[in-house]
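What follows is each chain in one-letter form.
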Protein chains: 2
Amino acid sequence: MNKRSIGIIGGGSWATALCKIIFDSGRDFSLTWYFRNEEDIDHLKKHRHNKKYLSSIEIRTEKIQFTSNINELIKNSEILILAIPAAFIEETFSTIDSNISDKFIISGVKGMIPNRNQIVGDYLHTAFQIPIHHIAILTGPCHAEEIALERLSYLTLASENKEFAKQTQALFQTHYCKINISDDIYGTEYAAVLKNLYAIASGISHGLAYGDNFQAVLISNAIREINNFVHVVHPIQRDIKSSAYLGDLLVTAYSKFSRNRIFGNMIGKGYSVKSALLEMNMIPEGYYALKSIYEMCAQKNITLPIIQSLNRIINESKPPAEEIKHLTTRLN
Amino acid sequence: MNKRSIGIIGGGSWATALCKIIFDSGRDFSLTWYFRNEEDIDHLKKHRHNKKYLSSIEIRTEKIQFTSNINELIKNSEILILAIPAAFIEETFSTIDSNISDKFIISGVKGMIPNRNQIVGDYLHTAFQIPIHHIAILTGPCHAEEIALERLSYLTLASENKEFAKQTQALFQTHYCKINISDDIYGTEYAAVLKNLYAIASGISHGLAYGDNFQAVLISNAIREINNFVHVVHPIQRDIKSSAYLGDLLVTAYSKFSRNRIFGNMIGKGYSVKSALLEMNMIPEGYYALKSIYEMCAQKNITLPIIQSLNRIINESKPPAEEIKHLTTRLN
């Protein structure tokens, strides 16, 4: 890969992990990093560590141009790496004042654009005329925390543009990070969104004192639901048992640190949705994505029992215990 | 189901859980229960609890005829429920002095008959002329401990005899136990054996400080290996993502209580195989099964990277760290 100009959008743990990875890949590039607020930038410049996320990672600040102006980042960067919550994408992109249809995008976002029922790749393509062959999806299984510890992880990079995928693969390949390449940009992205919903369901059932035997059944049904969904939405040949689909589901649904699972657990233990969200002081991606996925299922006639139960619990305030009990009759 | 005579062979936690289940199913039957030694029987009769396993379960001893004589059990029982380690089956069955080819068998064993490279159903069919349509395989995902707690579990009962499967389903159906029916007696039994090997591999990598990201990749590769194996050994239509295959793998590989995973973890931490076995004071099923599965793979030309690495570590004393490192280049 030639020297390329890269811009990272987002200041959270995933953005911080990706920054570490691309430096560790040893490639040559220039980097601009966008944060929403100046304070975080000041802290980073002064201390060489992100204040709030993965603060053990030392950031090579001397090699980075920081900005809280998205247009400055756009001007500087051929390749944009997105790592912000899906809920903030529209807002962030609304202030862009130039044509970005020639940019390349690597999206590490795992959510739906609210009120649009669109995954990020789809949104960027339709709203900003970014060609599909300029888009790549970067997906797990990956806890950012384990990147900080340099624990071996396999990411998947999906793009319909093989050349772009290969160049980008080199940018993320390190001794602790292996990159699988895929051409399934829709399937990998939807799977990354869906897994958060199943992590919520897993948390709810755990909160209701269902055990590991049930959890295994729930996840085994979940991967079949994911398979059904992506098959309808984008019917290409894929092996849903691959790391990008099943692996990503496992790392999230079995993690005690997943925000989505924690959120679900609180619901299962009797918190209302509102109070669980307040208590957590952050919004789990799955909470937003649920409505979009549920509506897409209704529209496309896809019957996913776990998603249906989840929607009744989260969006219709139905009692979790009853709903999960009903769900158990629909699983196998 | 009419009143039937049932014999349980085995005194461990799975046998104890199955005893609880069939009483809780509310069916009418007579029960004989075989233990290897009289002491355990005496304790059970006196205290109504199994001394060593799932001792919280109250056993309705007044409804059970106990015996340490396998021939007495055989005489009493039309249906034999097997729940002993695979390594003890040949020895136990070698003392049977009558023809048992008219018996029905429900096997809950998850291992291979040592030195025969045979799963239990296969062995009973070839060594005792028990017809295939008299055999059912009972498989998880199921920690017996959660049966004691009456936590919802889904078992799978596989038989090529639909009538027998249905009758037997009724015998195990309780408010906390749902029974899926399958016709895949070979696939479910091999999957139940294989999952223990992957639990050992999972334990080894955990012991070597690989993290959750890698674990998810390992398991996602494991289910593909299981799929390849059972497809070669018994190529029928099946969904490997079902609870009996994927679910069973998950509950074992993600469990901190799995003996196989604990054994692997010790190997990863530097114990020799011998000292790990000594320290555990029990033999994990996967340890025995590994040799058989490895030999079958060689014989049938099935390439399973995880099984190959595992065999080198466990049976050829190769250093775990190097072997797993090599393995990481073969996964995706």
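Because the structure is a prediction, the values reported are computed rather than measured.

(A) Structural detail: the sheet that holds strand β1 (residues 4-9) of chain A. Residue and element names in this part refer to chain A. With mixed pairing, eight strands are arranged side by side in an open sheet as β3-β2-β1-β4-β5-β8-β9-β10. The open sheet has two edge strands with one neighbour each: β3 (64-67) and β10 (177-182). Direction aside, neighbouring strands of the sheet carry axes that sit 20° apart on average. Relative to strand β5 (residues 104-107), strand β4 (residues 79-82) runs parallel, the two sharing four bridges. Among the inter-strand pairings, Leu82 is bridged to a residue of β5, identified as Ser107. Along the sheet face, helix α1 (residues 13-24) touches β1, β2 (29-34), β3, β4, β8 (135-139), β9 (153-159) and β10 and points at about 170° away from the line of β2.

(B) Quick look at the interface of chain A and chain B. Taken together, the 38 residues of chain A in the interface contact 38 residues of chain B. Across the chain A/chain B interface, buried area totals approximately 3,100 Å², and carbon plus sulfur atoms make up 61% of it. By the criterion of area lost to chain B, the three top residues of chain A are Tyr154, Asn213 and Lys241 of chain A, representing 22% of everything that side buries. Scanning the region where chain A abuts chain B turns up zero salt bridges. Taken together, chain A and chain B are joined by 20 residue pairs in polar contact (both at pLDDT 80 or more). Per element, the largest residue contribution to the side of chain A that touches chain B is 11 residues, and it comes from helix α9 (residues 212-233) of chain A. Of the residues contributing to the side of chain A that touches chain B, the split by class is 17 nonpolar, 14 polar and seven charged.

(C) Fine view of the relation of the copies chain A and chain B. Each copy superposes on the other: chain A lies on chain B with an RMSD of 0.0 Å after a rotation of 180° and an axial shift of 0.0 Å. Considering both components of the superposition, the chain copies are consistent with a two-fold axis. Interface residue correspondence from chain A to chain B reaches 100%, placing this contact among same-surface, isologous pairings.

So, how was this worked out
- Residues numbered from 1 in each chain as written.
- Chains lettered and ligands numbered in written order.
- Predicted model: local features only at pLDDT ≥ 70, side-chain atom pairs only at ≥ 80, totals over all residues.
- Heavy atoms only, no water.
- Pairing = 2+ DSSP bridges.
- Helix = DSSP H or I, 4+ residues; strand = E, 2+ residues; numbered from the N terminus.
- Axes fitted to C-alpha atoms, helices over the stretch in contact; angles between N-to-C directions.
- Contact = heavy atoms within 4.5 Å.
- Buried area = accessible area lost by both parts, 1.4 Å probe.
- Salt bridge = Lys/Arg side-chain N within 4 Å of Asp/Glu carboxyl O.
- Polar contact = N/O pair within 3.5 Å; in protein donor to acceptor, adjacent residues only side chain to side chain.
- Nonpolar A, V, L, I, M, F, W, Y, C, P; charged D, E, K, R; others polar.
- Least-squares fit on C-alpha atoms with pLDDT ≥ 70 in both.

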